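Coordinates in review
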Amino acid sequence: MNELERAVADAHRREWAFVLAATARVTGDLDLAEECVQDAYLAALDAWTRDGVPGKPGAWLTRTATRKALDLLRRDKVFRAKMPLLVEPDPEMDLTDATDEIPDDRLRLIFTCCHPALAREAQVALTLRLVCGVATPDISRAFLVSEPTMAARLTRAKKKIAAARIPYRVPGPADLPERLDAVLSVIHLLYTTGHTAPSGAGLVRADLVERAITLARMLLALMPDEPEVRGLLALLLLTDARRAARTDAEGRLVLLADQDRSLWDHAAIAEGRDLAVAAFRTGRVGRYAVQAAIASLHAVTPTDWPQVVGLYDLLLRIWPSPVVALNRAVAVAMADGPETALAEVERLAADDRLAGYHYLPAVRADLLRRLSRFEEAADAYRAAIALADNDAEREFLQSRLAEVVSG
Amino acid sequence: MPQYAVIIHSPAPADPAALTPDYLALLERYPAQIEELGGKEIAGFALEAGTTATSIRGDVVTDGPFTEAKEVVAGFFVLEAPDLDVALDIAKLNPACADGGVEVRPLFAWAPDGRA
């Protein structure tokens, strides 16, 4: 890659969302905006070779994309007949002017992509394509679906936005908490999909993890007063800081207690902890901030398990979910011993919502093993292996099974 | 302004004659709520009970609603609203949401030149 290609690639990574969001405001049509922005990046290669890289690549790209869009709209009136994205009637800026001030519409774009009228899988795909600028084939690979399937999913979602008139705007204060939660869920899902690939080999799809962290950073820059945005970024950083230590050289899973702490990213841990503390200081903590606080306790030796249990109690109050209760039981095992924890896990096993969740038998198996009830432990490991769909996790469970069977 | 069909689904057989006084009271308040939220009801219809429906699939005529389900279509109205967010806010207030639900679906708008 020569210097110029690098400059364009750099502008793609940094400016894509900004350029597309501003262009979509002018075109009123996401499809058209996407096409024009892509053309603008292609044009940049030639123009920047000729004239040098502009001082504000984002502004240059937006003006180029917008000009292309207006040309197309003028030439082909059929675009006008399409139902446009709804943009609030505020004074529209003439982006073809040589002005440097282009309004930042990235939040509109993000909230539109994560609108609750779209299915979660469509929200995730749209966010990757439109906000992150990831190419459709790459998205389809990350989610293990064929390229035509992913392309159809994106087309359908964009068509629904246009036909159903999903508005291109940031929700008002009344709807903001719920709508923001959807955005955070999408980013978190991107992260977890990358962090623990749901099936197949390889525990981390690093691309998705990095996209998720970049998105969380972008959102925090755009919404600095939302403690849960801070909480989410903190959680992602703290979890991701352990990435290099999570698997060994052969790709096998390494438990937290056995991880080589020198492999942890201590700068990310420090940043995550500061963000979590800042989120707690607002007094409006949500589930991401609490999870981040728990993750930051895990990064300290020796871990303060009673405090971890206390945070899980808080988390259960904010977010009453059987999965949280199961994680709490794991902390209880560390704080009060496996016997107390096992009683809680048995109680949770009666909850239908956890049926098919492979961590339940896995946790049960581990507690039984620690209580030297090896036969029951072996049965539970087998149940967990049957439900696990990640090769690295399955391999780990198999090695534990071999241990308890040999006694 | 875009228009949406709001299709009301109620537990079968969805007999309008069997609506409770509570439901009817909520229904009476609904038009004012629609206006208040910035929408406009263009037209609306309630249907006779699902047991009165006759369905035809291919050339087979059967007694009853088209899809066998716990809920059946009980009626629909055409709503004009500035965007989907407003349409959904209005739809959420429909009394049918308590024991059944509603589907909000944009009306297909023909372009002047006949193309979509």
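Each remark here, short or long, concerns the structure printed above.
A brief structural summary. (Residues numbered from 1 in each chain as written. Chains lettered and ligands numbered in written order. Predicted model: local features only at pLDDT ≥ 70, side-chain atom pairs only at ≥ 80, totals over all residues. Heavy atoms only, no water.)

1. Points about helix H13 (residues 266–281) of chain A
Residue and element names in this part refer to chain A. A rise of 1.5 Å per residue sets the reference length of H13, with its 16 residues, at 22 Å; its end C-alpha atoms lie 22 Å apart and thus fit the reference within 8%. Burial in H13 covers these residues: Ala268, Ile269, Gly272, Leu275, Ala276 and Ala279. Taken end-on, H13 shows its buried residues confined to a sector of 130°, consistent with a single buried face. Exposed side chains of H13 directed beyond 90 degrees from the buried face belong to Ala267, Asp274 and Arg281. Packed against the buried residues of H13 are helix H10 (206–222), helix H11 (227–240) and helix H14 (287–298). The N-cap of H13, judged by a side-chain oxygen 3.2 Å from the amide nitrogen of Ala267 a few residues on, is Asp265. Gly283 sits one or two positions beyond H13 and adopts a positive phi of about 75°. (Helix = DSSP H or I, 4+ residues; strand = E, 2+ residues; numbered from the N terminus. Expected span 1.5 Å × (residues − 1). Buried < 20%, exposed > 50% of the residue type's maximum accessible area, 1.4 Å probe, protein only. Arc of directions from axis to C-beta. Contact = heavy atoms within 4.5 Å. Polar contact = N/O pair within 3.5 Å; in protein donor to acceptor, adjacent residues only side chain to side chain.)

2. Overview of the environment of Pro322 of chain A
All names here are of chain A. Within the secondary structure layout, Pro322 lies in helix H16 (residues 322–336). Exposure remark for Pro322: the relative accessible area of 10% places this residue in the buried category. C-alpha of Pro322 to C-alpha of Glu226: the two residues are 96 residues apart in sequence and 27 Å apart in space. Not counting the four nearest positions on each side in its chain, Pro322 is found in contact with Leu348, Asp351, Arg353 and Leu354.

3. Considering the pattern of salt bridges
Residue and element names in this part refer to chain A. Taken as a whole, this structure holds 32 salt bridges over all chains when the rule is applied. A salt bridge links Lys158 to Asp31, with the nearest nitrogen and oxygen atoms 3.0 Å apart. Of this pair, Lys158 sits in helix H8 (residues 147–163) while Asp31 sits in helix H2 (residues 30–51), placing them 127 residues apart in sequence. One network of salt bridges, in which partners are shared, links Asp366, Arg369, Arg370, Arg400 and Glu403. (Salt bridge = Lys/Arg side-chain N within 4 Å of Asp/Glu carboxyl O.)

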